[in-house]
Amino acid sequence: MTEPIIYELSAPGRCAAHLPELDVPASELPPASLLRDDLDLPEVSEVDLVRHYVHLSRMNYGVDVGFYPLGSCTMKYNPKVNEDAARLTGFAHTHPYQPEETVQGNLQLMYELQEFLKALTGFDAVSLQPAAGAHGELTGVLMIRAYHQARGQGQRNQMLIPDSAHGTNPASTVMAGYEMVELKSDARGNVDLDDLRAHLNDRVAGMMLTNPNTLGLFDENLLTITHLVHEAGGLMYGDGANFNALMGVAKPAELGFDVMHLNLHKTFSTPHGGGGPGSGPVVATAALADFLPGPIVVAEPCLFDLATGQRLERAVEDYDEDEEEGACRRGLWYRLQMPRRSIGRVKAFYGHFGVMVRAYTYIRMLGAEGLKQSTLDAVLNANYLMSILKEIYPLPYDRTCMHEFVLEGVVKDAPGVRALDISKRLIDYGIHPPTNYFPLIVTEALMIEPTETESKATLDAFVEAMTRIAQEARENPQLLHDAPVNAPVGRLDEVRAARNLVLRWKRE
Amino acid sequence: MTYVPHNAAERRQMLDRIGVQSVEDLFSVVPERYRFPEVILPKPLSELEIMAELREMSESNMDTQHAACFLGAGAYNHYIPSVVDHILSRSEFYTAYTPYQPEVSQGTLQSIFEYQSMICALTKMDVCNASHYDGATAMAEAVIMAHSVARGKRRKVVIAPTVHPEYRQTVRTYTQGMGLTVTGDETLENDLEALVNLVDEDTACLIVQNPDFLGRVHDLSGVADAVHAKKALLVIACDPISLGLYKAPGDWDADIALGEGQPLGSPLSFGGPYLGFFACKEEYVRRMAGRLVGQTVDTQGRRGFVLTLATREQHIRRERATSNICTNQGLNALAAAVYLAALGRCGLARVAQLCYHKAHYAAQAISVLDAYDVDLATPFFKEFIVRCPKPVAEINRGLLDYEIIGGYDLGQVYPELEQHMLLCVTEMNSAAQIADLVEALEEVAHD
């Protein structure tokens, strides 16, 4: 199944947009020296456009199509009401520079979301500005850098990062101008404490730790780690990609983290959009709060006229209950404020507001108990799958996992079969493959995160597929090497794509 | 209220299979004194209740569909054809993630390939990536890339004072650990000629915005030659809608073209999510950040698409990657692609011309008012500077009474432009709205 490129559907003179006539007198156009000559965009009719994209959508696999156990990405179901909420006119059609009195609803939503994230994580402050997880990491490392510099500890320029970390951790560290020092993992999948101790000194700015880590394991020595790092003068950065394992289970601030990002597009059910947009709010302790990027939303008590709903330009302290009874009510006024010693803004405007609306809706619908239940079931689902699948595929770190686990994608008596083959064969069974070849410390890694929104029946169907694939691997491995055969295309030649770069459509 | 499907019997079966009594037993590794803390959040709501509350909250805002919006300054109120949101609402697109498994992601991959193709055509550049978070972060990544092209040896970045102020701030935030000097934007007196003169052997790049933040359009002839003579790169930021009318960054021989892609089919949404488009000359493709989609074939020789040159990226190259970017703005890039395809060659030119003529008409009409001054001599596109008789915040407060969202207060950023407002007029503003604006401006001047 292939679909023509949009340019191949083009014919001169077509247009799928219906624009108004000019209703004011035309002005003289600029001189030709400023004007462009051609504009090589496709020309298609509306029906052809719609069919083109519907065809493309049918060549795509999303959570709404089927099981998507992509480890580390928390591909949980994205509630439909979130989409309706983000599209409400008053949210979707407000300009970021409107006067604050015209966007109190937006600012209130952001303020309350800030409070919710603080309540869930135990931190004192938050900035909603970072656009995604990696963006939050860069933010956090820059905050740690600013903190040390403000204390005359500018020589601290090393960030300790376990070998199981996401690739974004070292990349963010280097972007912030720091050196990264890799730490080994021990045989139980924890940070190797001896290796940590050996690398602690007065050049260490901090440590980036994903907990539970990318093996899906909660570090058994976590409190020792945070203690050691703090004792050496470093700060703990938490990679919150796996916060879906911790809602209502533990508050990272209480566990000893100083600054951390959250992924609203993972934990808080906002859709992944085929690669984004995400949202990566950063939460921090009071000691780091002043360094947060901004602006952030603050609230202050104020008086409103009951009749008009307008804010009164008077301090609440002046408010005399007897004198003004019936005329005023107390409420909150929301405004944007830059933290005092901010590292600066990390993007234009205030963050991914549309994503915040979705996450806010989710949190308000679930409440504290519902969020905790989501975490409990995410961990239940992962352990259930692991308890069965470890009998079929090697499980390198065999202990209770949190929301995900990592298998070796190899089959006994089928030496030619790799994790990639198993993944591609899963496609033929109508299932999205797990994350492959990550974390790097597991050979032929298959990283499986079922999430809490999947039923036992779905999990059992996945077990059934994985069982049959192991059998096929022994009996007819070619089936796996040839897979997928039930997808819109077969295996694609990635080497050719990189060697013979074709990055845009060109007219023959 | 949750989205979890298990009933009690299923939970029991699963716990038995695992071999634990209760689900809480799975958390014994969490230090006991911190395990299961109290979390205080508002009580759960049903769909009906939360939507009622959100509706009320959203309706307490003034929005651009009920008020006339003349505010731009980097986020623009443009028409979004109905097809755009219908296509974005296909959940095969919006509930997928990064297309690491190309066989089941051809929809995402081909649509990004088409996006890349259309952005290249629009900017007249060779290659384009799959998006950055927004225009500001795209600019910060351009600086990092220019620094990398110079192999880290050039430590100066010259940036025009008329680049969006928040982009300039973002560039400074990103580069604070890199030991770079960002200069050129200290005063509005630094015009193109002055900026070009600041480019020297230690300069990685010159960054200009065209149309600039003040809405003005510049003839950039000779700028690239002067910058290239110093072996520096020329980075041009632009409004993609302006490219329906004006010369493209490629026409000016830019090395990197970038900008805020929001005008291409993403709603204002109080500042995000938007997308940064980023395109460059082919010779620099391996130093580019972000995802790239390339064409290839499958085992049967059929055309297909994959993520390519992944060895630039963090998940492969870790600390040696060109950037840390992972999640990007995929769905906004899809919106931009659908928008560009829907408008096409004629439609985008038409939108640009509607903006141009309406903005010039409005500027002319305001210039007639005694209390206001408009510079009609400097070429501009859809935004222009209006000198006001009193502080812009006061004017804007007055305009709200007429259900008009006024312009951007330039005095916040440029001390020399105190009491100057940046007004934006697009195809969304009817002749009647423009007439109302002119009348309201006259009224509020005398209040």
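Turning our eyes to something else, we now look at the overall build of chain A. Looking only at helices and strands, one finds 16 helices and 13 strands in chain A. In terms of overall dimensions, chain A has C-alpha extents of about 85 × 70 × 50 Å along its principal axes. Burial analysis of chain A (508 residues in total) assigns 58% to the buried set. A separation of at least 24 residues holds for 74% of the contacts in chain A among residues at least 6 apart in sequence.

With that settled, the discussion passes to the overall build of chain B. Check the secondary structure of chain B and you find 13 helices and 15 strands. Expressed as a percentage of its 447 residues, the buried residues of chain B come to 62%.

Residue and element names in this part refer to chain A. Neither face of strand β13 (residues 445-448) is open: one carries Ala445 and Met447, the other Leu446 and Ile448, and all of them are buried. Pairing analysis gives four bridges linking strand β11 (residues 405-408) to β13, with the strands arranged antiparallel. Pairing of Leu407 across the sheet is with Leu446, part of β13.

As a further point, take the pairing of strand β7 (residues 256-260) of chain B. Residues and elements named next belong to chain B. Among the five residues of β7, five are classified as buried, and the element is accordingly described as predominantly covered. One ladder, built from three bridges, connects strand β6 (residues 233-237) with β7; its direction is parallel. The residue bridging Val235 from the neighbouring strand is Ile256, located in β7. Sheet analysis places β7 next to strand β8 (residues 276-280), joined by five bridges and oriented antiparallel. Its bridge partner being in β8, Gly259 is matched across the sheet by Phe277.

All names here are of chain B. With antiparallel pairing, four strands are arranged side by side in an open sheet as β11-β12-β15-β14. With partners counted over all chains shown, the strands left at the sheet margins are β11 (373-374) and β14 (408-409), one partner each. Lying on the sheet, helix α11 (residues 330-367) is in contact with β11 and β12 (383-387); it crosses β12 at an angle near 10°.

Let us look at the sheet that holds β13 of chain A. All names here are of chain A. With respect to topology, three strands assemble into an open sheet ordered β11-β13-β12, the strand pairing being antiparallel. Looking at which strands have only one partner, the edges of the open sheet turn out to be β11 and β12 (435-436). With two bridges connecting them, β12 and β13 associate as antiparallel partners. Within β13, the position partnered with Thr435 by the bridge is Met447.

In this section: the interface of chain A and chain B. A common measure of how large an interface is: the accessible area buried when the components associate. Each partner contributes residues to the interface: chain A has 172 residues there, and chain B has 168 residues. In terms of residues, the side of chain A that touches chain B owes the most to one element, helix α12 (residues 353-389) of chain A, which gives 21 residues. When grouped by side-chain class, the residues that make up the side of chain A that touches chain B number 95 nonpolar, 50 polar and 27 charged.

This next bit is on the packing of helix α6 (residues 135-149) of chain B against helix α7 (residues 165-175) of chain B. All names here are of chain B. At their nearest, the axes of α6 and α7 sit 8 Å apart, and the two run at 45° to each other. With respect to each other, α6 and α7 are oriented oblique. Here the hand of the crossing between α6 and α7 comes out right-handed. Contacts between α6 and α7 involve Gly135, Ala136, Thr137, Met139, Ala140, Val143 and Ile144 on the former and, on the latter, Glu166, Tyr167, Thr170, Val171, Tyr174 and Thr175. Split by residue class, the contact of α6 with α7 holds eight nonpolar, four polar and one charged.

What follows is about the domain arrangement of chain B. All names here are of chain B. Looking at chain B, the domain boundaries give domain 1 (68-78 + 345-446) and domain 2 (82-339). If you average the C-alpha positions of domain 1 and of domain 2, the two centres end up 28 Å apart. With 24 residues of domain 1 in contact, the opposing surface of domain 2 contributes 19 residues. Those elements that place two or more of their residues in the side of domain 1 that touches domain 2 are α11 and β12. Residue contributions to the side of domain 1 that touches domain 2 peak at seven residues, all from α11.

This paragraph deals with the packing of α12 of chain A against helix α14 (residues 456-475) of chain A. Residues and elements named next belong to chain A. With their axes 11 Å apart at the nearest point, α12 and α14 run at an angle of 25° to one another. One way to sum up the angle between α12 and α14 is to call them roughly parallel. The element α12 and its partner α14 pack so that their crossing is right-handed. Where α12 approaches α14, its residues Asn381, Tyr384, Leu385, Ile388 and Leu389 are matched on the opposing element by Leu459, Phe462, Val463 and Met466. For the contact of α12 with α14, the per-class residue count stands at eight nonpolar, one polar and no charged.

Here we take up unusual backbone geometry. Note: most peptide bonds trans; most residues except glycine with negative phi. Residues and elements named next belong to chain A. Of the consecutive residues Gly276 and Pro277, the connecting peptide bond is found in the cis state with omega at 5°. Checked against the element boundaries, Pro277 lands in the loop between β6 (259-262) and β7 (282-284). Pro484 follows Ala483 through a cis peptide bond whose omega is 0°. Looking at the element boundaries, Pro484 is found in the loop between α15 (477-482) and α16 (494-499). A positive phi angle, close to 45°, is found at Thr74, a residue other than glycine. Note that Thr74 resides in the loop between α1 (46-58) and α2 (80-86). Owing to 26 C-beta atoms within 10 Å, Thr74 belongs among the buried residues under this scheme.

Attention now moves to the domain arrangement of chain A. Taken domain by domain, chain A holds domain 1 (6-58), domain 2 (120-291), domain 3 (297-337) and domain 4 (369-495). Measuring from the centre of the C-alpha atoms in domain 2 of chain A to the corresponding centre in domain 3 of chain A gives 40 Å.

This part covers the environment of Ile469 of chain A. Residues and elements named next belong to chain A. For Ile469, the position within the fold is in helix α14. For Ile469, a count of 26 C-beta atoms within 10 Å puts it in the buried group. Along the primary structure Ile469 and Leu480 are separated by 11 residues, whereas in three dimensions their C-alpha atoms are 7.8 Å apart. Contacts of Ile469, omitting those with residues within four sequence positions, involve Ile422, Arg425, Leu426 and Leu480.

Turning our eyes to something else, we now look at the nonpolar core. Within the largest apolar cluster, 311 residues are counted, with the highest numbers of intra-cluster contacts made by Met143 of chain A together with Met139, Leu206, Ile207, Val235 and Val338 of chain B. The dominant element in this core, judged by the number of residues it contributes, is α11 of chain B, at 23 residues. Setting aside residues no more than four positions away along its own chain, Val235 of chain B makes contact with Ala142, Ala146, Cys205, Leu206, Ile207, Ala254, Asp255, Ile256 and Leu258 of chain B.

Residue and element names in this part refer to chain A. Taking 1.5 Å per residue, 37 residues should reach 54 Å; α12 reaches only 40 Å between its end C-alpha atoms and comes up short. Where α12 bends most, at Gly367, the angle is about 100°. When you tally the buried positions in α12, you get 32 out of 37 residues, the bulk of the element.

The next point concerns the environment of Gln116 of chain B. Mapping Gln116 of chain B onto the fold places it in helix α5 (residues 106-123). Linking Gln116 of chain B and Phe278 of chain B, residues 162 residues apart in sequence, is a C-alpha distance of 9.3 Å.

Moving on, we get to the confidence of the model for chain B. Reading predicted coordinates in detail is not appropriate for stretches of low pLDDT. Overall, the prediction assigns chain B a mean pLDDT of 97, with 100% of residues at 70 or greater. For this predicted complex, the interface confidence score (ipTM) comes to 0.98, while the overall pTM stands at 0.98.

As a further point, take the environment of Gln106 of chain B. With respect to the secondary-structure elements, Gln106 of chain B resides in helix α5. For the pair Gln106 of chain B and Phe305 of chain B, spaced 199 residues apart in the sequence, the C-alpha separation amounts to 6.5 Å. Every residue in contact with Gln106 of chain B, bar those within four places of it in the chain, is listed here: Met59, Asn60, Pro488 and Val489 of chain A together with Gly304 and Phe305 of chain B.

All names here are of chain B. With 16 residues, helix α13 (residues 431-446) extends 24 Å from end C-alpha to end C-alpha; this agrees with the ideal 22 Å at 1.5 Å per step. The complete set of buried residues in α13 reads Ile434, Leu437, Ala440, Leu441 and Val444. With its buried residues spanning 125° around the axis, α13 presents them on a single face. For α13, the exposed residues set more than 90 degrees away from the buried face come down to Ala432 and His446. Those residues of α13 hidden inside the fold are in contact with β1 (68-69), α11, α12 (392-400) and β13 (404-405).

Rules of the game
Residues numbered from 1 in each chain as written. Chains lettered and ligands numbered in written order. Predicted model: local features only at pLDDT ≥ 70, side-chain atom pairs only at ≥ 80, totals over all residues. Helix = DSSP H or I, 4+ residues; strand = E, 2+ residues; numbered from the N terminus. Buried ≥ 20, exposed ≤ 12 C-beta atoms within 10 Å, placed from the backbone. Contact = placed C-beta atoms within 7 Å. Pairing = 2+ DSSP bridges. Axes fitted to C-alpha atoms, helices over the stretch in contact; angles between N-to-C directions. Nonpolar A, V, L, I, M, F, W, Y, C, P; charged D, E, K, R; others polar. Parallel < 35°, antiparallel > 145°, perpendicular 65-115°, else oblique. Left-handed = near helix turned anticlockwise from the far one by under 90°. Domains from an automatic or database assignment. Core = buried A, V, L, I, M, F, W, Y, C linked by C-beta atoms within 7 Å. Expected span 1.5 Å × (residues − 1). Bend = angle between axes of the 7 residues up to and from the residue. pLDDT = per-residue confidence, 0-100. Arc of directions from axis to C-beta.

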